[in-house]
Amino acid sequence: MNVHRVAAVVGASLRMFRRDRPAFFFTFAFPIMFIVLFGLIFGGGGSSRPTVDVVGAGPLRVALDRSGAIKVKLQPDEARALKRVRNGDEPAAVLMRGKRVRLVYSKTSQVEAPIVIGIVRGIVDDFNLRAVHAKPTVGLVSEPVEAQSVDYVDLLVPGLLAMAIAQSAAFGVAFSLVAWRQKGMLRRLRLTPLPLAEFATARVIFHLIISLVQAVILLTVGRILFGVHLVGNVLALVPLILVGGVAFIALGMCIGGRVNTEDATAALSNLIVLPMTFLGGVFFPLDSAPAPIRVIAHFLPLTYLAEGLQNVAVRGHSFTSTLPNLGVLAIFAAALAGLALRLFRWQTVT
């Protein structure tokens, strides 16, 4: 293999890509838009405390306020507090009348309401024990451990990086193959001195360079705009990006080898790649997903790419911990490459 010829094709591909404004926008600006949109919507939700309306005064209200586990919002009367809970403005309300306390909570708040109930019950029990000077029968000792605080945006940015790699590789390769076949460029390529293996290697290198540039841009944007905590070794991300990029390049070759028109390419690419972005843990963690979704996710290459990038970037996992993800991505890449060779055609078949 002639290294100079491969380098020349890579350089030509980069120059053509730089002049292709729609492709440039889709590759870099489109993922940044997702980061900004989801970061602004969900960026502050990871560390907020539940808010509880409180009606009444006394030592218990002071205890609730000083606990620090909930945000206390004082209301002038019970009717207003009950209305706010029924409307979904707050998950619960504490209504105090002398020694009688009512805790009213929303049935539809399946996340915050149970948390509020547990916190308020704990505060009330502790308040009662202190009031009667009772000694607890069980002693509880709490001690902190070092842990990494992970916000939603911290997980979102590596997930969007995985999505960007998948989309740019799969869509870019598929559209290129279809366009070159329609224009007869693939047939003319067979008559040139440039071997097909060198041309294919150059195109793979070109798409992998784009993937690495995407990683630098998206991680930098996430860090500057939303303070994303990158605690892992960024060099451990490189093997995941390269192997994952090869897997989705092979997927793009499968799509481009199967269809004849650019419209069909767009439809089939979206049909395959778009569901992966929602089922592969890009936007939301899979831990809370229903069991059938988690089963499907195990058969998607994007799941292993997104999980590996998230584990290294924001959870601080080492390179060795990514080896299972790399192994699965390599299997996907080999299987898809074999399928792409069977589907490859030099000219359009009508």
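For the structure, check the block above.
The structure displayed is predicted, hence computed values, not measured ones.

*Asks:* What's the story with the packing of helix 9 (residues 237–258) against helix 10 (residues 262–279) in this structure? I'm lost.
*Replies:* The relative placement of two packed helices is expressed as an angle between their axes plus a distance between the axes. At a closest axis distance of 10 Å, the pairing of helix 9 and helix 10 adopts a crossing angle of 145°. Classified by chirality, the crossing of helix 10 by helix 9 is right-handed. Here Phe-248, Leu-251 and Ile-255 of helix 9 come into contact with helix 10, specifically with Thr-265, Leu-268, Ser-269, Ile-272, Val-273 and Met-276. When the residues that make up the contact of helix 9 with helix 10 are grouped by side-chain class, the tally is 7 nonpolar, 2 polar and no charged.

*Asks:* It is not clear to me how the environment of Phe-226 should be interpreted in this structure. Could you clarify?
*Replies:* One can find Phe-226 in helix 8 (residues 196–226). Assessed through its relative accessible area of 25%, Phe-226 is described here as partly exposed. Taking the C-alpha atoms as reference points, Phe-226 and Gly-39, separated by 187 residues in sequence, lie 7.0 Å from one another. Residues within four places of Phe-226 in sequence aside, it is in contact with Ile-35, Val-36, Gly-39, Leu-40, Val-153 and Val-221.

*Asks:* What's the story with the packing of aromatic side chains in this structure? I'm lost.
*Replies:* Where two aromatic rings form a pair, the distance of their centres and the angle of their planes describe that pair. According to the stated counting rule, one finds 12 aromatic pairs in the structure shown. Geometrically, the ring pair formed by Phe-26 and Phe-30 is stacked, given 5.5 Å between the ring centres and 15° between the ring planes. One end of the pair is Phe-26 and the other is Phe-30, both in helix 2 (residues 21–42) and 4 residues apart, which spans about a single turn. Here Phe-171 and Phe-175 contribute two aromatic rings whose centre-to-centre distance is 6.4 Å and whose plane-to-plane angle is 25°, an arrangement assigned as stacked.

*Asks:* Could you clarify how one ought to interpret a nonpolar patch on the surface in this entry?
*Replies:* Taken together, the side chains of Phe-25, Phe-26 and Met-33 present a nonpolar region at the surface, about 280 Å² in accessible area. You can call Phe-26 partly exposed: its relative accessible area is 31%.

*Asks:* Looking at this structure, I do not really get the environment of Ile-272. What am I missing?
*Replies:* Tracing the sequence through the fold places Ile-272 in helix 10. C-alpha separation for the pair Ile-272 and Ala-93, spaced 179 residues apart in sequence, amounts to 47 Å. The contact partners of Ile-272, leaving out residues within four places of it in the chain, are Leu-251 and Ile-255.

*Asks:* What exactly am I supposed to notice about the sheet that holds strand 4 (residues 100–105) here?
*Replies:* Pairing between the strands of a sheet is mediated by backbone hydrogen bonds and can be parallel or antiparallel. Here we have 4 strands laid out as an open sheet, ordered 2-1-3-4, and mixed in their pairing. Every interior strand has two partners, whereas the edge strands, strand 2 (71–74) and strand 4, have only one. Taking the axes of each pair of neighbouring strands and ignoring which way they run, one obtains an average angle of 25° across the sheet. In the sheet, strand 3 (residues 92–97) pairs with strand 4 via 6 bridges, with the strands oriented antiparallel. Looking across to strand 4, one finds that Ala-92 is bridged to Tyr-105. Where helix 4 (residues 78–86) meets the sheet, it contacts strand 1 (51–55), strand 2, strand 3 and strand 4, and its direction lies at approximately 160° from that of strand 3.

Cut-off values and rules
- Residues numbered from 1 in each chain as written.
- Predicted model: local features only at pLDDT ≥ 70, side-chain atom pairs only at ≥ 80, totals over all residues.
- Heavy atoms only, no water.
- Axes fitted to C-alpha atoms, helices over the stretch in contact; angles between N-to-C directions.
- Helix = DSSP H or I, 4+ residues; strand = E, 2+ residues; numbered from the N terminus.
- Left-handed = near helix turned anticlockwise from the far one by under 90°.
- Contact = heavy atoms within 4.5 Å.
- Nonpolar A, V, L, I, M, F, W, Y, C, P; charged D, E, K, R; others polar.
- Buried < 20%, exposed > 50% of the residue type's maximum accessible area, 1.4 Å probe, protein only.
- Phe/Tyr/Trp six-rings, centres within 6.5 Å; stacked < 30°, edge-to-face > 60°.
- Patch = residues over 30% accessible without salt bridge, like charges linked within 9 Å, V, L, I, M, F, W, Y side chains within 5 Å.
- Areas by Shrake-Rupley, 256 points an atom, 1.4 Å probe, with all protein chains shown as cover.
- Salt bridge = Lys/Arg side-chain N within 4 Å of Asp/Glu carboxyl O.
- Pairing = 2+ DSSP bridges.

Taken by themselves, the reported measurements are silent on function.
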